[in-house]
Amino acid sequence: MIQQTLVLIKPDGVQRGLIGEIIKRLEQRGLKIVGMKMVHVDKSFAEKHYTEDIEKRHGKKVRDYLIDYVSHDPIIAMVIQGSSAIEVVRKIVGTTYPGESPIGTIRGDFAHVSKARAKEKNQGRNLVHASANEEDAKKELALWFSVDEIHDYKLSAEEHLI
Ligand code: ADP
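Everything numeric in this text was worked out from a predicted model, so none of it was measured.

Draft legend 1. Looking closely at the overall build of the protein chain. Across its full length, the protein chain holds 10 helices and four strands. Taken from the N to the C terminus, the helices and strands of the protein chain come in the order β-α-α-β-α-α-α-β-α-α-α-β-α-α. In terms of overall size, the protein chain behaves like a compact globule, its C-alpha atoms giving a radius of gyration of 15 Å where 162 residues would be expected to give roughly 15 Å. With the C-alpha coordinates aligned to their principal axes, the bounding extent of the protein chain is approximately 50 × 35 × 30 Å.

Draft legend 2. Looking closely at unusual backbone geometry. One non-glycine residue, S84, lies in positive phi territory at about 45°. Residue placement: S84 occurs in the loop between β3 (75–83) and α6 (85–93). Taking relative accessible area as the criterion, S84 reaches 29% and is therefore assigned partly exposed. A positive phi angle, close to 70°, is found at L127, a residue other than glycine. Along the polypeptide, L127 turns up in the loop between α8 (115–121) and β4 (128–130).

Draft legend 3. How the structure looks around the packing of aromatic side chains. Considering all chains together, one arrives at two aromatic pairs under this definition. Each ring, one from F45 and one from W144, has its centre 4.7 Å from the other, and the planes form 75°; the classification is edge-to-face. On the criterion of sequence distance, the pair formed by F45 in helix α3 (residues 43–49) and W144 in helix α9 (residues 134–144) is long-range, its members being 99 residues apart. Seen in terms of ring centroids, Y65 and Y69 are 5.7 Å apart; in terms of plane orientation they differ by 10°. Their pairing is stacked. Note that Y65 and Y69 are positioned in helix α5 (residues 60–70) at a spacing of four residues, about one turn of the helix.

Draft legend 4. How the structure looks around the pattern of salt bridges. For the coordinates displayed, the defined rule picks out 13 salt bridges. The partner of K32 in a salt bridge is E158, and the shortest N-O contact between them spans 2.9 Å. Linking K32 in strand β2 (residues 32–39) with E158 in helix α10 (residues 158–161), this pair joins segments that are 126 residues apart in sequence. Each member of the pair K32 and E158 is classed as buried.

Draft legend 5. Layout of the site of the ligand. Contacts to the ligand come from 16 residues, most closely from H58, T96, Y97, G124 and N126. G124 is positioned with one of its backbone polar atoms (N or O) 2.5 Å from an oxygen atom of the ligand. About the coverage of the ligand: the protein hides 93% of its 540 Å² of free accessible area. Among the elements that line the shell around the ligand, the one with the most residues is helix α4 (residues 52–58), at three residues. The residue makeup of the shell around the ligand, split by class, is five nonpolar, six polar and five charged.

Draft legend 6. Highlighting α5. Inspection of α5 places V62, R63, Y65, L66, I67, Y69 and V70 among the buried residues, and these make up the whole buried set. Taken together, the buried residues of α5 touch α1 (11–15), α3, α4 and β3.

Draft legend 7. Seen up close, the pairing of β2. With six of eight residues buried, β2 is to be regarded as a mostly interior element. When β2 meets β3, the two strands line up antiparallel, connected through seven bridges. Within the sheet, the bridge partner assigned to I33 lies in β3 and is I80.

Draft legend 8. Here's a closer look at the nonpolar core. Core analysis: the biggest nonpolar cluster contains 22 residues, and L26, L31, M78, I80 and V89 have the highest contact counts within it. For this core, the secondary structure elements donating two or more residues are β1 (2–9), α2 (19–28), β3, α6 and β4. With five residues, the top contributor of residues to this core is α6. When neighbours within four sequence positions are excluded, V89 is seen to be in contact with T5, V7, L26, L31, I80 and A130.

Scoring rules and cut-offs
Residues numbered from 1 in each chain as written. Predicted model: local features only at pLDDT ≥ 70, side-chain atom pairs only at ≥ 80, totals over all residues. Heavy atoms only, no water. Helix = DSSP H or I, 4+ residues; strand = E, 2+ residues; numbered from the N terminus. Rg over C-alpha atoms; globule rule 2.2 N^0.38 Å. Buried < 20%, exposed > 50% of the residue type's maximum accessible area, 1.4 Å probe, protein only. Phe/Tyr/Trp six-rings, centres within 6.5 Å; stacked < 30°, edge-to-face > 60°. Salt bridge = Lys/Arg side-chain N within 4 Å of Asp/Glu carboxyl O. Near = heavy atom within 4 Å. Polar contact = N/O pair within 3.5 Å; in protein donor to acceptor, adjacent residues only side chain to side chain. Areas by Shrake-Rupley, 256 points an atom, 1.4 Å probe, with all protein chains shown as cover. Nonpolar A, V, L, I, M, F, W, Y, C, P; charged D, E, K, R; others polar. Contact = heavy atoms within 4.5 Å. Pairing = 2+ DSSP bridges. Core = buried A, V, L, I, M, F, W, Y, C linked by side-chain atoms within 4.5 Å.

So, in structure tokens, the structure goes:
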């Protein structure tokens with residue numbers, strides 16, 4: 001099934017000069033970028049992305065940290081399209097805590113902070129956000145992108161990729 005998913009390069013990814021590296025990893029897998037922009041969101045927008053669900057799962061401190069952090073500096077937002085793109089992109093990104101994330105994933109190759117350290121500092125810097133499932137992807141894409149910011153086009157290499 002062809003899916004679209006939201007990828008954000010969070011402030012640590014932008015600040016560390018990893019925009020190109022992260023985009024490269026999505027492109028080299030044959031995924032298609034159908035929307036992309038640099039945005040500096042405010043806190044009220046960030047609250048809509050990091051909803052109360054985060055508070056239920058990780059607590060208020062973590063949600064407050066995420067809202068502050070993601071609205072502190074510009075980030076890159078992308079719509080990525082491909083076959084089972086939601087799952088494939090999550091594999092490329094890796095698992096939540098970089099110290100546990102496999103080598104070969106973005107989080108496993110460019111960060112190393114453990115779950116224990118993230119909890120100790122209430123600070124989960126892991127470079128990228130990627131929608132977790134179909135329901136989240138639908139909500140997040142509608143929040144971050146208008147219909148006219150998502151482009152329907154064909155890659156010249158598409159017949160070899162999909
Ligand atoms: P993922 O981004 O891997 O889907 P979650 O949705 O569970 O993970 O969490 C959202 C974000 O919250 C994570 O990407 C990470 O930046 C941050 N986070 C998770 N746990 C903690 C923690 N204990 N302390 C600080 N930040 C955390």
